[in-house]
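Geometric and topological summary
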Amino acid sequence: MSHFILRTADFDQRHRVAEFESMAATVCKLAIEPGDTAYASSTSIAVLPGAVIADTVHSACKTRRTALLAAETGDNILLHVPLTGGFTIRQERGAEVTCQPGQIYLDPSEVPGLAQFTPESSRVLYVSVPRAALLAADPGFNPALRQITQTTPQWRLLIAYARSLHAEAGDLPPDQLQLCAAHLQDLLILALGAEREAAQIAQGRGARAARLKAIKADIEAHLTQAELTAGWISSRHGISDRYLRSLFAQDGTSFSDYVAGRRLMRVHRQLTDPRHAGHSISQIALDAGFGDISWFNARFRAAFGTTPSEVRAGGLCR
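About the thresholds
- Residues numbered from 1 in each chain as written.
- Predicted model: local features only at pLDDT ≥ 70, side-chain atom pairs only at ≥ 80, totals over all residues.
- Heavy atoms only, no water.
- Helix = DSSP H or I, 4+ residues; strand = E, 2+ residues; numbered from the N terminus.
- Buried < 20%, exposed > 50% of the residue type's maximum accessible area, 1.4 Å probe, protein only.
- Contact = heavy atoms within 4.5 Å.
- Areas by Shrake-Rupley, 256 points an atom, 1.4 Å probe, with all protein chains shown as cover.
- Pairing = 2+ DSSP bridges.
- Axes fitted to C-alpha atoms, helices over the stretch in contact; angles between N-to-C directions.
- Parallel < 35°, antiparallel > 145°, perpendicular 65-115°, else oblique.
- Nonpolar A, V, L, I, M, F, W, Y, C, P; charged D, E, K, R; others polar.
- Phe/Tyr/Trp six-rings, centres within 6.5 Å; stacked < 30°, edge-to-face > 60°.
- Expected span 1.5 Å × (residues − 1).
- Arc of directions from axis to C-beta.

Take the overall build of the chain next. Each helix and strand counted, the chain has 13 helices and 10 strands in total. Out of the 318 residues belonging to the chain, those deemed buried represent 43%. Considering only contacts in the chain between residues 6 or more positions apart, those separated by 24 or more positions represent 68%. Carbon together with sulfur atoms contributes 51% to the accessible area of the chain, which is approximately 15,800 Å² in total.

Within strand E3 (residues 41–48), 6 of the 8 residues are buried, which leaves it mostly tucked inside the rest of the structure. Here E3 runs beside strand E4 (residues 51–65); their pairing, made up of 8 bridges, is antiparallel. Pairing of Val-47 across the sheet is with Val-52, part of E4. Hairpin connection, E3 to E4: the antiparallel pair is bridged by 2 residues, and Gly-50 has positive phi, about 100 degrees.

For the pair helix H10 (residues 255–271) and helix H12 (residues 293–304), interaxial distance at closest approach is 10 Å and the crossing angle is 85 degrees. Considered as vectors, H10 and H12 are oriented roughly perpendicular to each other. Of the residues in H12, those in contact with Asp-257, Ala-260, Leu-264, Met-265, Val-267, His-268 and Leu-271 of H10 are Trp-295, Phe-296, Arg-299, Phe-300, Ala-303 and Phe-304. Here the contact of H10 with H12 is composed, by residue class, of 10 nonpolar, 1 polar and 2 charged.

Once that is clear, we can look at unusual backbone geometry. The phi dihedral of Arg-93 is positive, around 65 degrees, even though this residue is not glycine. Relative to the assigned elements, Arg-93 resides in the loop between strand E6 (87–91) and strand E7 (97–99). Phi at Arg-146 is positive, roughly 60 degrees, even though this residue is not glycine. Within the secondary structure, Arg-146 sits in the loop between helix H3 (131–137) and strand E10 (147–150).

Moving on, we get to the pairing of strand E9 (residues 113–130). In this structure, E4 lies alongside E9, joined through 13 bridges in antiparallel fashion. If you follow Val-57 over to E9, its bridge partner there is Arg-123. Pairing geometry for strand E5 (residues 76–84) and E9, over 8 bridges, is antiparallel. Bridge pairing links Pro-82 to Val-124 in E9. Relative to E9, E6 is paired through 4 bridges, and the arrangement is antiparallel. Directly across from Ile-89, in E9, lies its bridge partner Ala-115.

It is worth spelling out the packing of aromatic side chains at this point. Applying the stated criterion to the full structure yields 7 aromatic pairs. One aromatic cluster is present, built from ring pairs that chain together Phe-290, Trp-295, Phe-296, Phe-300 and Phe-304.

So, about helix H4 (residues 153–168). The end-to-end C-alpha separation of H4 is 23 Å, in line with the 22 Å expected for 16 residues at 1.5 Å each. Those residues of H4 lying buried are Trp-155, Leu-158, Ile-159, Ala-162, Leu-165 and His-166. Here the buried residues of H4 occupy an arc of 135 degrees about the axis, which is enough to place them on one side. Turned more than 90 degrees away from the buried face of H4 sit Pro-153 and Ala-167, all of them exposed.

Structure representation (structure tokens):
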């Protein structure tokens, strides 16, 4: 975890704005266009396993996420939570909207856009969570993005937790940070209204659901790595191998079957993708994390009822 502050006051006054703009583009993936007055900004950023929280105060400006910068952000959902001041924002395929305190803007961070902050000073809380963490809890979950939402008790709970976590993240050990990030993701799912997850929490199973969700997101992030084993995941999440097995058993599968299934889906997608036509089937399987090609072929046929070669031939001929 890294916890750091990015502020204009730390740069040489003669080149302050230009140097800050360059740093903001590198760290925040935003191009800053200062207003007419002397631009001032301070951002405190906490990077956790599975979330990023930033508390920003700045003067009037425009922030632009170009197509090039958007391509570097990853597949995340970014919450814009104005605490004071406010802004207007427009992203591709969305309408221009105004966001004020008491409202939240839901931003698919891989989409270019432009935000304009007109007040003399605005303070905004940003919370970024990988979309994979939401899909791990509910694969069919599809929240409405590029829109304003009003705060509810669920959103206020999330905001309060995010601000507290942001303040304390630098003093928490890694295992507790992992757990706190899972809690944050869980609160986001509640606020966004994922009914299945909300029902699990209401029935008292939220802790296990949140733990399994965090583990699945971690698996997705390290899917192709050879060290992705039950023992490695258990150690990263501070649980026993037995508890890990029970989590997946209650989900109707096993750790090894879940990992193999996700890797098989990755291989299947690549076999029908012309961009991978120059790669051998064996290389695609090895790159996905399979170490035994014979075992891979058997699992692939059992999963899809056909061979990898047949899938490639059929997919690339369409």
